[in-house]
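# Observations on the model geometry
Take a look at the letters that make up each chain.
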Amino acid sequence: MSGSSSNTMAMKKVVQQLRFEASINRVKVSQAAADLQQFCLQNAQQDPLLTGMSSSTNPFRPQKVCSFL
């Protein structure tokens, strides 16, 4: 009897999880892709990978070596 009871509880948890997942509002892939494309186009001017970075503001530039001779 205990096995049947634990099986029933497990199935109730599965049903509860499936109901939760079914209630989530989903975005269509085409809409998500369009939103992503619009975001990329709007922010392209601030993207240093697309526009480049000036050497004075580049935090990854090689450090100048200071040597005293």
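Residues numbered from 1 in each chain as written. Predicted model: local features only at pLDDT ≥ 70, side-chain atom pairs only at ≥ 80, totals over all residues. Heavy atoms only, no water.

## What about the overall build of the protein?
On a plain count of helices and strands, the protein comes out with three helices and zero strands. Starting at the N terminus and walking to the C terminus, you meet the elements of the protein as α-α-α. Since a compact globule built from 69 residues should have a radius of gyration of about 11 Å, the 28 Å found for the protein marks it as more spread out than a globular shape. Across its three principal directions, the C-alpha atoms of the protein cover 90 × 40 × 10 Å. Per-residue burial over the protein gives 3% buried out of 69 residues. Of the roughly 7,000 Å² of accessible surface on the protein, 61% is carried by carbon and sulfur atoms. (Helix = DSSP H or I, 4+ residues; strand = E, 2+ residues; numbered from the N terminus. Rg over C-alpha atoms; globule rule 2.2 N^0.38 Å. Buried < 20%, exposed > 50% of the residue type's maximum accessible area, 1.4 Å probe, protein only. Areas by Shrake-Rupley, 256 points an atom, 1.4 Å probe, with all protein chains shown as cover.)

## Here's the deal with the confidence of the model for the protein
Put simply, the protein has an average pLDDT of 87, and 94% of its residues get 70 or more. Here helix α3 (residues 48–51) stands out as the least confident element of the protein, with mean pLDDT 82; helix α2 (residues 29–42) is the most confident, with 96. (pLDDT = per-residue confidence, 0-100.)

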